[in-house]
Amino acid sequence: MSSPDEIIDIDIAIIGGGSAGMALATKIDGVSTKIFEPKTVAERDCSWALWAHPSQLNELRPAIRGSWDQWRLIDYDSEVFHHSHAYRYTSLSAAKYLQHCETMLKKPDMMVRASVENIFFEGGGARFSANGQNYCAQTIYDSRPPVSKSDSLRQHFMGWEVMLKEPIDDASVVTLMDFRVDQSRGLHFIYVLPYSDRHLLIESTMISAQLEDKDWYRDAIKKWLTDRKLEVESQLSEEYGVIPMDTVEPQNSKVNNIGAAGGAVRLSSGYAFSTIQAQMSLLAASITQGDREVERPFSKGLMFLDKVFNRALSAQVDQGVSLFMATAKALNADQFSQFMLGKAGLVAWARVILAMPKWAFIKSALRQLFSHD
Ligand SMILES: Cc1cc2nc3c(=O)[nH]c(=O)nc-3n(C[C@H](O)[C@H](O)[C@H](O)COP(=O)(O)OP(=O)(O)OC[C@H]3O[C@@H](n4cnc5c(N)ncnc54)[C@H](O)[C@@H]3O)c2cc1C
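Conventions and cut-offs
- Residues numbered from 1 in each chain as written.
- Predicted model: local features only at pLDDT ≥ 70, side-chain atom pairs only at ≥ 80, totals over all residues.
- Helix = DSSP H or I, 4+ residues; strand = E, 2+ residues; numbered from the N terminus.
- Rg over C-alpha atoms; globule rule 2.2 N^0.38 Å.
- Buried ≥ 20, exposed ≤ 12 C-beta atoms within 10 Å, placed from the backbone.
- Contact = placed C-beta atoms within 7 Å.
- Near = placed C-beta within 6 Å.
- Nonpolar A, V, L, I, M, F, W, Y, C, P; charged D, E, K, R; others polar.
- Core = buried A, V, L, I, M, F, W, Y, C linked by C-beta atoms within 7 Å.
- Domains from an automatic or database assignment.
- Pairing = 2+ DSSP bridges.
- Axes fitted to C-alpha atoms, helices over the stretch in contact; angles between N-to-C directions.
- Parallel < 35°, antiparallel > 145°, perpendicular 65-115°, else oblique.
- Left-handed = near helix turned anticlockwise from the far one by under 90°.
- Expected span 1.5 Å × (residues − 1).

1. Topic: the overall build of the protein
Move 1: Within the protein one finds 10 helices and 17 strands.
Move 2: The C-alpha radius of gyration computed for the protein amounts to 21 Å, which stays within 12% of the reference 21 Å derived for 373 residues, consistent with globular compactness.
Move 3: Taking all 373 residues of the protein together, the buried fraction comes to 38%.
Move 4: For the protein, long-range pairs separated by at least 24 residues make up 70% of all intrachain contacts whose partners lie at least 6 apart in sequence.

Shown next, in the form of structure tokens:
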């Protein structure tokens, strides 16, 4: 045990043991590394969902809560139903995933259960303290949550995990977006993961700049249940989240930022898990080669198209439902999965663009082109 006055020299310090920090920590080998995280895994539990390729499912198995090859989007006029042969929409327990990562660490003492404080950044590294102990790291990978503008477009949601009194008809289909809800405050939908025919995760999700009072989302979930004559036997948990849909500022832009702080959250959808996994695998491989730079998670082209999509959404919130429905209708299940993963090819993008209201898309594209954003 070192005395608090002593400085512990480490090669790599990862600040934050969330999705990005833990994924990186499990993959780094042969370099003295510590990862700093104050919260327990149970304190950070929520559902993280992704479109998983079969090869990923085995790796993620200890954390999987449910996995489906069918999903749908629905509004008052139509339903888009997708059945994929290549991808499974998969829900992970964040706590189980993080716990699994901890067991995969090359050395258990890599994990320091403490907050990083008093940080003095120098070059790509820093001096800092954690739990009263001083550290000096050559390289910092910072995953502390980024700061987002309070007036920008955000995805904000409340989720209830419930046990129903009676089973639903079909637990084999995920409802990604059910738009048959109050649209007066912004783009609003209900998201449903049927873990079994009685055990559901139901989220009221809004895409808007303005956050709502928490009871607003709760009332929306209750109304959705009542409209479908579904009665709750017990409520198992509640989760609340806000995901920025605009470019974010990391807490310190001079160091290497990873995960959400490194811009890995897809601007048009809020999905980030798969991108973070890929970004951390690449980074771990580079570190082994002696290169410590973090690659940009998305191409400039994809960022541009996502910003155009979000501009069109912000300018015409009343068209939001048709924008999402048109995107889903334009693609088959596998193209849609790739699109959501940020891996869509030109054909899929062309289909999406052609399906959108032309004038709204052109206006947003021109505005984005001439903005400095
Ligand atoms: C409620 C919610 C649900 C989401 N659901 C999905 C989903 O279904 N699918 C998807 O793809 N994406 C989802 N996302 C988006 C994204 O995948 C997550 O935000 C993901 O956790 C980002 O990973 P990260 O490592 O960048 O940040 P985090 O997982 O937030 O990790 C950052 C960590 O830094 C720690 N920290 C903060 N300050 C300090 C400090 N001073 N010292 C040390 N540690 C510190 C925090 O405790 C935290 O654990 C969701 C986001 C939220 C908020």
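So much for the structure itself; the text now carries on.
2. Comments concerning the site of the ligand
Move 1: In the vicinity of the ligand lie 34 residues, with G16, G18, A20, G241 and G259 positioned nearest.
Move 2: Contributing elements (two or more residues each) for the shell around the ligand: α1 (19–27), β3 (47–52), β16 (232–244) and α5 (273–289).
Move 3: Take the shell around the ligand: its biggest share by element is 4 residues, from β3.
Move 4: In terms of residue class, the shell around the ligand is made up of 18 nonpolar, 11 polar and 5 charged.

3. Some words on the nonpolar core
Move 1: In terms of nonpolar packing, the biggest core is built from 93 residues, with A13, I14, L24, F36 and I202 touching the most fellow members.
Move 2: Residues in contact with L24, not counting those within four places in the same chain, are I14, Y141, I258, M280, L283 and A284.

4. Observations concerning the domain arrangement of the protein
Frequently, the measure chosen for interface size is the accessible area that the parts lose on association.
Move 1: Looking at the protein, the domain boundaries give domain 1 (7–44 + 93–145 + 249–289), domain 2 (154–244) and domain 3 (300–370).
Move 2: On a C-alpha basis, the centres of domain 1 and domain 3 stand 32 Å from each other.
Move 3: Taken together, the contact pairs 7 residues of domain 1 with 8 residues of domain 3.
Move 4: Of the residues contributing to the side of domain 1 that touches domain 3, the split by class is 2 nonpolar, 4 polar and 1 charged.

5. Let's talk about the environment of E233
Move 1: On the secondary structure map, E233 appears in strand β16.
Move 2: Note on E233: 10 C-beta atoms within 10 Å, which makes it exposed.
Move 3: Sequence-wise, E233 and D9 are 224 residues apart; in three dimensions their C-alpha atoms are separated by 54 Å.
Move 4: Those residues within four positions of E233 in sequence are excluded, and the remaining contacts are M163, L164 and K165.

6. Comments concerning the sheet that holds strand β5 (residues 70–74)
Move 1: Across the sheet, 7 strands lie side by side as β6-β5-β13-β14-β15-β12-β16; this open sheet has mixed pairing. With partners counted over all chains shown, the strands left at the sheet margins are β6 (79–83) and β16, one partner each. The average angle at which neighbouring strand axes cross in this sheet is 15°, direction not considered.
Move 2: Pairing geometry for strand β12 (residues 154–164) and β16, over 11 bridges, is antiparallel. If you follow R154 over to β16, its bridge partner there is P244.

7. Observations regarding the pairing of strand β7 (residues 88–93)
Move 1: Bridge count between β3 and β7: 6 bridges; the pairing is antiparallel. Following the sheet pairing, W51 is matched in β7 by Y89.
Move 2: Looking at chain direction, strand β4 (residues 64–68) and β7 are connected through 4 bridges and run antiparallel. Bridging from a neighbouring strand, W68 pairs with Y89 of β7.

8. Things to note about the packing of α1 against helix α3 (residues 94–104)
Move 1: Remark: α1 packs on α3, axes separated minimally by 9 Å, with the N-to-C direction vectors making an angle of 25°. Taken together, the axes of α1 and α3 are roughly parallel relative to one another. For the pair α1 and α3, the crossing hand works out as left-handed. Here α1 contributes M22, A23, A25 and T26 to the contact with α3, which in turn contributes L98, C101 and M104.
Move 2: Its residues placed into classes, the contact of α1 with α3 shows 6 nonpolar, 1 polar and no charged.

9. Section: helix α4 (residues 214–227)
Move 1: Between its first and last C-alpha, α4 extends 20 Å over 14 residues, near the 20 Å set by a 1.5 Å rise per residue.
Move 2: Packing partners of the buried residues in α4 comprise β12 and β15 (199–208).

10. Describing the sheet that holds β3
Move 1: Here we have 3 strands laid out as an open sheet, ordered β3-β7-β4, and antiparallel in their pairing. Looking at the sheet topology across the chains shown, the edges are occupied by β3 and β4. Taking each pair of neighbouring strands and ignoring which way they run, the sheet shows an average axis angle of 20°.

11. Describing unusual backbone geometry
Move 1: For N131, which is not glycine, the phi torsion reads 55° and is therefore positive.
Move 2: Structurally, N131 can be placed in the loop between β10 (125–130) and β11 (133–142).
Move 3: Given 14 C-beta atoms within 10 Å, N131 falls into the partly exposed group.
Move 4: For K229, which is not glycine, the phi dihedral falls at a positive 55°.
Move 5: Taking the number of C-beta atoms within 10 Å as the measure of exposure, K229 has 7 and is therefore exposed.

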